[in-house]
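Chain by chain, the residues run as shown.
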Amino acid sequence: MSLSLKCQYAVRALFELAKRDGQGLIRLREIADEQHIPRRFLENILNELRQGGFVASKRGKDGGFRLDRPPSEISIGDVVRFVEDSMHPVECLDRHECPLDGRCIFIGLWEEAKKALEQVYDRKKLSDLVREDAENYARRGISAAAGMGRLPCVPHSGDENGEDDESGGECEEDLGA
């Protein structure tokens, strides 16, 4: 099963909100910039996620989005099922129609793959991903909060013209978060 880009964006948007859980409303622009999601798609996806009970929102100058449930209560499986409608590895399991009905040797394999996929996605909560992200940053000696909205510059001995820059290569570029 290949997740649609829409589903991937939905999971990434919810992950970003989970990272910022308890920080109030997060603007759409911040989510889009941090997760590299086109804003025009993200607005529609977040509205669908709001209708599905995943996020709450407020319009206006002080508006934004936040999770509507704790990150520990939202599994990736919940999100995939909501956005994709199913987790079937092949269409025949979803539609219950097959030209080999009753004699398909692969049905057991497809059902086993579906169960394995569901177990992986259902076991993983947004809170698990946030913890893993913080651990990854910690291993690199960076605070996860410090990394939000920024990309570390690659150390180099000179700029594009071969001249040394004043930062010594230890800068961060603000992405407008």
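Please refer to the structure placed before this passage.
Residues numbered from 1 in each chain as written. Predicted model: local features only at pLDDT ≥ 70, side-chain atom pairs only at ≥ 80, totals over all residues. Heavy atoms only, no water.

**Examining the environment of arginine 20**
Within the secondary structure, arginine 20 sits in the loop between helix 1 (5-19) and helix 2 (28-35). Once the C-alpha coordinates of arginine 20 and leucine 67 are considered, the two residues, 47 residues apart in sequence, prove to be 9.2 Å apart. (Helix = DSSP H or I, 4+ residues; strand = E, 2+ residues; numbered from the N terminus.)

**Observations concerning the pairing of strand 1 (residues 55-58)**
Relative to strand 2 (residues 64-67), strand 1 runs antiparallel, the two sharing 4 bridges. Its bridge partner lying in strand 2, valine 55 is registered against leucine 67. Connecting the antiparallel pair strand 1 and strand 2 is a turn made up of 5 residues, with glycine 60 showing a positive phi of about 105°. (Pairing = 2+ DSSP bridges.)

**Concerning the packing of aromatic side chains**
For the structure shown, the criterion picks out 2 aromatic pairs. With centroids separated by 5.8 Å and ring planes inclined at 25°, the aromatic side chains of phenylalanine 106 and tryptophan 110 adopt a geometry described as stacked. Look at phenylalanine 106 and you get partly exposed, because its relative accessible area is 43%. (Phe/Tyr/Trp six-rings, centres within 6.5 Å; stacked < 30°, edge-to-face > 60°. Buried < 20%, exposed > 50% of the residue type's maximum accessible area, 1.4 Å probe, protein only.)

**With respect to the layout of surface pockets**
Where empty space is left in the structure can be found by rolling a water-sized probe over the atoms. Considering only enclosed or pocket space, the largest pocket measures out at about 220 Å³ in volume. Sorting the residues of the lining of the largest pocket by element identifies helix 3 (39-51), strand 1 and strand 2 as the ones contributing at least two each. Looking at which element gives the most residues to the lining of the largest pocket, the answer is helix 3, with 3 residues. Looking at the lining of the largest pocket residue by residue, the class counts come to 2 nonpolar, 5 polar and 5 charged. (1 Å grid on protein atoms, 1.4 Å probe; cavity = no way out; pocket = protein on both sides within 12 Å on 5 of 7 lines; lining within 4 Å. Points joined across faces, edges and corners; volume = space filled by probe spheres on them. Nonpolar A, V, L, I, M, F, W, Y, C, P; charged D, E, K, R; others polar.)

**A few points about helix 7 (residues 126-139)**
In a regular helix each residue adds 1.5 Å, so 14 residues correspond to 20 Å; helix 7 covers 20 Å between its end C-alpha atoms and thus fits that length. Within the sequence span of helix 7, burial applies to Leu126, Asp128, Asp133 and Tyr137. (Expected span 1.5 Å × (residues − 1).)

**Describing unusual backbone geometry**
The phi dihedral of histidine 36 falls on the positive side, at around 55°, and the residue is not glycine. Locating histidine 36 in the fold gives a position in the loop between helix 2 and helix 3. Here the phi dihedral of aspartate 85 falls at roughly 75°; this positive angle occurs in a residue that is not glycine. Within the secondary structure, aspartate 85 sits in the loop between helix 4 (76-84) and helix 5 (91-95).

**So, the side chain of glutamate 118**
Residue position: glutamate 118 is located in helix 6 (residues 107-123). For glutamate 118, the side chain forms a polar contact with the side chain of lysine 114, separated by 2.8 Å. With sequence-adjacent residues up to four places away left out, glutamate 118 is seen in contact with Arg81 and Met87. (Polar contact = N/O pair within 3.5 Å; in protein donor to acceptor, adjacent residues only side chain to side chain. Contact = heavy atoms within 4.5 Å.)

Treat this as a map of the structure, not an account of what it does.
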